[in-house]
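What follows is each chain in one-letter form.
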Amino acid sequence: MSEASLSNAFFTILKRDLTLAYRTRTEMVNPLLFFIIVISLFPLAVSPDPVVLRSLAPGVIWVAALLATLLSLDSMFRSDFDDGALEQMLLSVHPVSVLVLGKVLAHWLVTGIPLLLLAPLLAILMHMPSSSVPALMITLALGGPILSLVGAIGVALTVGLRRGGVLLSLLVLPLYIPVLIFAANAVSNAAAGLAIAGQLYFLGALLAMSLTLAPLATAAALRISLR
Amino acid sequence: MHLANTTSVKFSMSQSTLGISVKGLTCRRDDRGLFRNLDFDLKPGQALQIEGPNGSGKTTILRILCGLTLPTEGEVFWNGLPIEENRLEYLTAMDFIGHAHGIKSELTPLENLQVAMAMANAQPNQSLKAVLEQVGLRGFEDVPAITLSAGQCRRVALGRLLLSKSLLWILDEPFTALDVQGQAQVETMMVDHVEQGGMVILTSHHPLALKDGMLKTINLRP
Amino acid sequence: MWLFYHKLGSPRYFYNLSGKLLPWFGWLTLLLILVGGYWGLVLAPPDYQQGDSYRIIYIHVPAAWMSLFVYIVMASAGAVGLIWKMKMADIVASCSAPLGAAFTFLALVTGSLWGKPMWGTYWVWDARLTSELILLFLYLGFIGLEAAIDDKRTAANACAVLALVGVVNIPIIHYSVEWWNTLHQGSTVTRLDKPAMDINMLIPLLLMWLGFMFYFGTSLFMRARNEVLHRERDTTWVKELVVE
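One structure accompanies this document, and this report is about it. Each chain carries its own residue numbering, running from 1 in the direction its sequence is written. Here the convention is simple: chains get letters from A, ligands get numbers from 1, in the order in which they are written. Predicted model: local features are reported for residues with pLDDT of at least 70 only, side-chain atom pairs are reported and counted for 80 or more only, and whole-chain, interface and lining totals are derived from all residues. Excluded from the side-chain calculations are hydrogens and water; all other atoms, namely the structure's heavy atoms, are used.

**Thoughts on the overall build of chain A**
- Only DSSP runs of H or I reaching four residues or more are called helices, and only runs of E reaching two or more are called strands; each is numbered from the N terminus. Across its full length, chain A carries 9 helices and 0 strands.
- Restricting the calculation to C-alpha atoms gives the radius of gyration, and the globule rule supplies 2.2 Å times the number of residues raised to the power 0.38. For chain A, whose C-alpha radius of gyration is 18 Å, the value lies close to the compact-globule estimate of 17 Å for 227 residues.
- If one aligns the C-alpha atoms of chain A with their principal axes, the spans along those axes are about 55 × 35 × 30 Å.
- Each residue is assigned to one of three classes by its accessible area relative to the maximum for its type, calculated with a 1.4 Å probe on protein chains only: buried under 20%, partly exposed between the two thresholds, exposed over 50%. For chain A, with 227 residues in total, the buried portion stands at 58%.
- By the convention used here, residues are in contact when the closest approach between their heavy atoms is within 4.5 Å. Sequence separation of at least 24 residues holds for 82% of the intrachain contacts in chain A that already meet a minimum separation of 6.
- Total accessible area on chain A is roughly 8900 Å²; 71% of this is exposed by carbon and sulfur atoms.
- Across chain A, the mean location of the 11 positive side-chain charges is 1 Å away from that of the 9 negative side-chain charges. Reported accessibility uses the Shrake-Rupley method at a 1.4 Å probe radius. Residues are deemed covered only where the shown protein chains occlude them. Counting rule for charge: Lys and Arg are taken as positive, Asp and Glu as negative, and neither His nor the chain ends is counted. Lysine's charge is taken at NZ, arginine's at CZ, aspartate's at CG and glutamate's at CD.

Written as structure tokens, this is what we have:
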């Protein structure tokens, strides 16, 4: 098998998923709206006091990003499972992990990037100092793909199940904890004017690791789920 | 349709191990034995029809033959080797259309076929449009599949078979949702394929117009 | 060795072997826990800072060790089942999960009970307790996934993938939580086990730990034997066993 045909398959899947997302764009907007609404609940529930909000902001935005990603994960394999496209992927001559990587990349482009672009707006709503906004965006850029990659394993394990939704959060959220800890901390540190390189390196290492291991685990999980 | 003759045999039939064979296939689901100790083999130029009432495990057999589902016991061989061992060769030679045929309803028939070609790493031997015309979808190339009827979607899926050069077709109820003309067309496709040295495994009650010796039948009794 | 490994993979062989081992394991568990418990709770000297309330470590620390150990057993068994398609490994993994979750829960409860006199509250976001809590979530995810899938073999393999992902993640989670904790921790005493321990405290701790190990072995055997009988109920050897 030539590398050219493999990359062709990768880009075909990527393009296919982006086209699908574009044609069902109203559904794609929902996780974003969820992201905004959850964050706007905090001032109402806790306090509109800028000092309070500022201290909560990094954690709140990151938890909301986590939940919004979780909400969007289900769509990654669901429709492919229902219409048999997933079976065809497993029967493809290409390694399933590469196809999975294409799908995960599409998922991140469609949900992770919009979250990233919305973040500055939400930073304003939460009275975050402007000095921490770049940190927020960098952590979302490094952490977002990890969420999609690790989430894909969870979706792959639950895709054939009738009530997979709640189970998915139980499987995936504990695995998100390291990302949450380091990302939220980096943003807080940036707001306080402290160094954040260490946290970013850690996120980078996590990204490299999940990039290599998660597609393999996802491919194995898909084979098992489709039996 | 064109008539097959001996010179147009696409695939070699020289070796005796060629083709798909199954040994001691047993499948149990939730305490219920679906089938036990199934043995059969299929050589190029033969078709296998699997019959049986609903719930007798027809779809399960096909999924086991594809390597999607694992049998409780037994093994499937392709050209003499277990399919897990020469997976790549097997997947290259095999095409499966399941009950859910893998046509994305948001994509057009043309886009669907393009994706299928990239997945199979196949160079289409004719233009995609020509294939769509052949399966009776002329004029529907660029509309989303969601606007097509169930039968038309199935025709798109069948178009995959015409594009790829797969030796073995595994088809789950290929006549479902098709009109009389469509059924006749699919039958012609399958008969042509077998007569040119291909193999077809299908579940259906529809009798196939194949010569003696080319069609095998398995009846699954519950 | 290879032969033994192969034999162990056969449910029937496992059933017979575990049947012979079970009484030994059971009595050893009882003996070790009684001796360790008496030594730890009565004979061992009180702690110079914490007085007698430290004695809960004789349950807490072995339980915490076991919680991690069982997860590793579970993931290894899952991997064996996944790679070599060994039925017995699947059964061991599936039977370990509730036991591991129970150990984790025990470690959490004893940890927070210990926290009441030490910290004045039942729950502190201490690194160890937080890690245990996350470990409990991982166990519950495993059990939930297994319960959600009808087909036993599919369930076992899916859970094996999950456990392997978990095993890769546990050190990362543990490290992140430790790091997070050092950032937010004030001056409270968090260490449950002392760096330098009196030999009179250490021996009962190790005895308790061995007792917990044998307890795990005993209940794993008992659960696995039941599961073997259930899964193999159509085979002749189980039917003969029932007739006897």
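Structure shown, so let's carry the discussion forward.
**Considerations on the interface of chain B and chain A**
- Counting residues at the interface gives 28 residues for chain B and 29 residues for chain A.
- Note on terms: buried area is the combined drop in 1.4 Å-probe accessible area of two parts once they are placed together, counting the loss on both. At the boundary of chain B with chain A, total buried surface from both sides reaches about 2400 Å², with 59% on carbon and sulfur atoms.
- A per-residue breakdown of the area chain B buries against chain A is headed by L68, K104 and M119 of chain B, which together make up 27% of the total.
- Within this document, salt bridges are pairs made up of a side-chain nitrogen of Lys or Arg and a carboxyl oxygen of Asp or Glu, the two lying within 4 Å of each other. Here chain B and chain A share 4 salt bridges between them.
- Under this definition, polar contacts are N or O atom pairs within 3.5 Å; protein pairs additionally need one hydrogen-donor-capable and one acceptor-capable atom, and for neighbouring residues in sequence, both atoms have to be side-chain atoms. One can count 12 residue pairs in polar contact (both at pLDDT 80 or more) joining chain B with chain A.
- At the level of elements, α1 (58-66), α2 (87-93), β6 (94-97) and α3 (109-120) of chain B are the ones that each hand at least two residues to the side of chain B that touches chain A.

**Topic: the sheet that holds strand β9 (residues 215-219) of chain B**
Residues and elements named next belong to chain B.
- Strands are treated as partners if at least two bridges between them are detected by DSSP. Pairing is parallel across the open sheet formed by 5 strands, whose spatial order is β6-β7-β8-β3-β9. For this open sheet the edge positions go to β6 and β9, each flanked by a neighbour on one side alone. In this sheet, neighbouring strand axes are inclined to one another by 10° on average, regardless of whether the strands run parallel or antiparallel.
- The pairing of strand β3 (residues 46-51) with strand β8 (residues 199-203) spans 5 bridges and is parallel. Opposite L48, over in β8, you have I201 as the bridge partner.
- Lying on the sheet, α1 is in contact with β3, β6, β7 (168-172) and β8; it crosses β7 at an angle near 150°. Axis definition: a line fitted to C-alpha atoms, limited for helices to the stretch in contact. Angles are taken between N-to-C directions and run from 0 to 180 degrees.

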